[in-house]
Amino acid sequence: MGRNLIETIMGAVVLVVAAFFLVFAYTHADLKEVTGYEITAQFSSVGGLDKGSDIRINGVKVGTVADYELDKVTFNAVVKLSISPDVRLPADTVATIATEGLLGGKFVKLIPGRAKDRIPEGGRIAKTKDFKSIEEMVGELIFLATADNPAPAAPAPAAPAGQQ
C-alpha cells in the first residue's frame, strides 16, 4: 500500500513539472501570430516556407507569413507578409528566405535599406533574393570544382634507354 502511494505522488510530481515546462516553453517561444499591416513579396521559389513562419530582422521576429499563392502570369510565388505595426520598412528593403540551420524551418529574412520612403500598407517589397536549396548549392559547388580544373594530362611516355 505504501509503495503505491509513493508511486502516485511521484507520478503527480512528474506531471506538474511537465506542465510547468510546457507553460514556460509556450510563454517564451513567441509562437503567437503577429498581426499588423500586410505587404507582399515575390520569389521564384519559397522552398518549403509555411504559413505562420516568422519574419525576422537581425534575428528579431517582426511578423509572420500570412499566406502565399502562385502568380498566374509570372508563375512566381507571391508571399503575403503581416508586419508588426510599429515596424515601418524602408522602400529599399530586401527580402530573402533563410533557414534555421540544416534541418531547421524556413523564415523570411528582411534586410532594411536606408531609403527615407517607407513601404505602405498593401505595398510590395521590390527587391528579393531567391531561395536556394542545399541540393542546388551542393550541385553548384561540384560544378565549380570540376569546371575550372581540367583533367590532368597523362605523362608522356619515357624514351627507351639509348634513344634520344
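In this report, we go over the structure that sits alongside the text. (Residues numbered from 1 in each chain as written. Predicted model: local features only at pLDDT ≥ 70, side-chain atom pairs only at ≥ 80, totals over all residues. Heavy atoms only, no water.)

1. Structural notes on the overall build of the chain
(1) Moving on: When its secondary structure is counted, the chain shows 2 helices and 8 strands.
(2) Moving on: When the elements of the chain are put in sequence order from the N terminus, they spell out α-β-β-β-β-β-β-β-β-α.
(3) Moving on: In the chain, which comprises 164 residues, the proportion classed as buried is 26%.
(4) Moving on: Pairs at least 24 apart in sequence give 64% of the contacts found in the chain among residues at least 6 apart.
(5) Moving on: Accessible surface, the chain: about 11,800 Å² in total, of which carbon and sulfur atoms supply 62%. (Helix = DSSP H or I, 4+ residues; strand = E, 2+ residues; numbered from the N terminus. Buried < 20%, exposed > 50% of the residue type's maximum accessible area, 1.4 Å probe, protein only. Contact = heavy atoms within 4.5 Å. Areas by Shrake-Rupley, 256 points an atom, 1.4 Å probe, with all protein chains shown as cover.)

2. Notes on the pattern of salt bridges
(1) Moving on: Scanning the entire structure with this criterion turns up 4 salt bridges.
(2) Moving on: The closest approach of N and O atoms between Asp54 and Arg56, which form a salt bridge, is 3.1 Å.
(3) Moving on: A relative accessible area of 18% places Arg56 in the buried class. (Salt bridge = Lys/Arg side-chain N within 4 Å of Asp/Glu carboxyl O.)

3. Description of the layout of surface pockets
(1) Moving on: The calculated volume of the largest pocket comes to roughly 230 Å³.
(2) Moving on: Residue lining of the largest pocket: Ile97, Thr99, Gly101, Leu102, Gly104, Lys106, Phe131, Lys132, Ser133, Ile134, Glu135 and Met137, and that is the complete set.
(3) Moving on: When contributions to the lining of the largest pocket are tallied by element, the ones reaching two or more residues are strand 5 (94–99) and helix 2 (134–147).
(4) Moving on: Tallying contributions element by element places helix 2 first for the lining of the largest pocket, with 3 residues. (1 Å grid on protein atoms, 1.4 Å probe; cavity = no way out; pocket = protein on both sides within 12 Å on 5 of 7 lines; lining within 4 Å. Points joined across faces, edges and corners; volume = space filled by probe spheres on them.)

4. Considering the side chain of Thr96
(1) Moving on: Relative to the helices and strands, Thr96 resides in strand 5.
(2) Moving on: Filtering out sequence-adjacent residues up to four positions away, Thr96 remains in contact with Phe43, Phe107, Val108, Lys109 and Lys129.

5. A word on unusual backbone geometry
(1) Moving on: Residues other than glycine seldom take positive phi values, yet Asn58 does so here, at roughly 50°.
(2) Moving on: Mapped onto the fold, Asn58 is located in the loop between strand 2 (54–57) and strand 3 (60–70).
(3) Moving on: Its identity is not glycine, yet Phe75 carries a phi of approximately 60°, on the positive side.
(4) Moving on: Classification of Phe75 by relative accessible area gives exposed; the value is 57%.

6. Here we look at the nonpolar core
(1) Moving on: Ranked by internal contacts, the top residues of the largest apolar core, which has 23 residues, are Leu81, Ile83, Leu89 and Leu110.
(2) Moving on: Among the secondary structure elements, those contributing two or more residues to this core are strand 1 (37–43), strand 2, strand 3, strand 4 (77–83), strand 5 and strand 6 (106–111).
(3) Moving on: Residue contacts for Leu89: discarding those within four places in its chain leaves Tyr37, Ile39, Ile57, Ile83, Leu110, Asp117, Arg118 and Ile119. (Core = buried A, V, L, I, M, F, W, Y, C linked by side-chain atoms within 4.5 Å.)

7. Considering the sheet that holds strand 7 (residues 124–125)
(1) Moving on: Reading across the sheet, the 8 strands line up as 7-1-4-3-2-6-5-8 and stay open at both edges, with mixed pairing between neighbours. Of all the strands in the sheet, just strand 7 and strand 8 (127–129) have a single pairing partner and so form its edges.
(2) Moving on: Of the pairings in the sheet, the one linking strand 5 to strand 6 comprises 6 bridges and is antiparallel in character. Looking at strand 6, one finds that Val94 is bridged to Ile111. (Pairing = 2+ DSSP bridges.)

8. A word on the pairing of strand 4
(1) Moving on: Burial runs high along strand 4: 6 of the 7 residues are buried.
(2) Moving on: Sheet topology places strand 1 next to strand 4; 7 bridges connect them, and they run antiparallel. Opposite Ile39, over in strand 4, you have Leu81 as the bridge partner.
(3) Moving on: Summarising the sheet, strand 3 and strand 4 pair through 7 bridges and their orientation is antiparallel. Across the sheet, the residue bridging to Gly63 is Ile83, located in strand 4.
(4) Moving on: Taking the residues between adjacent antiparallel strands as the criterion, strand 3 and strand 4 are bridged by 6 residues, where Phe75 takes a positive phi near 60°.

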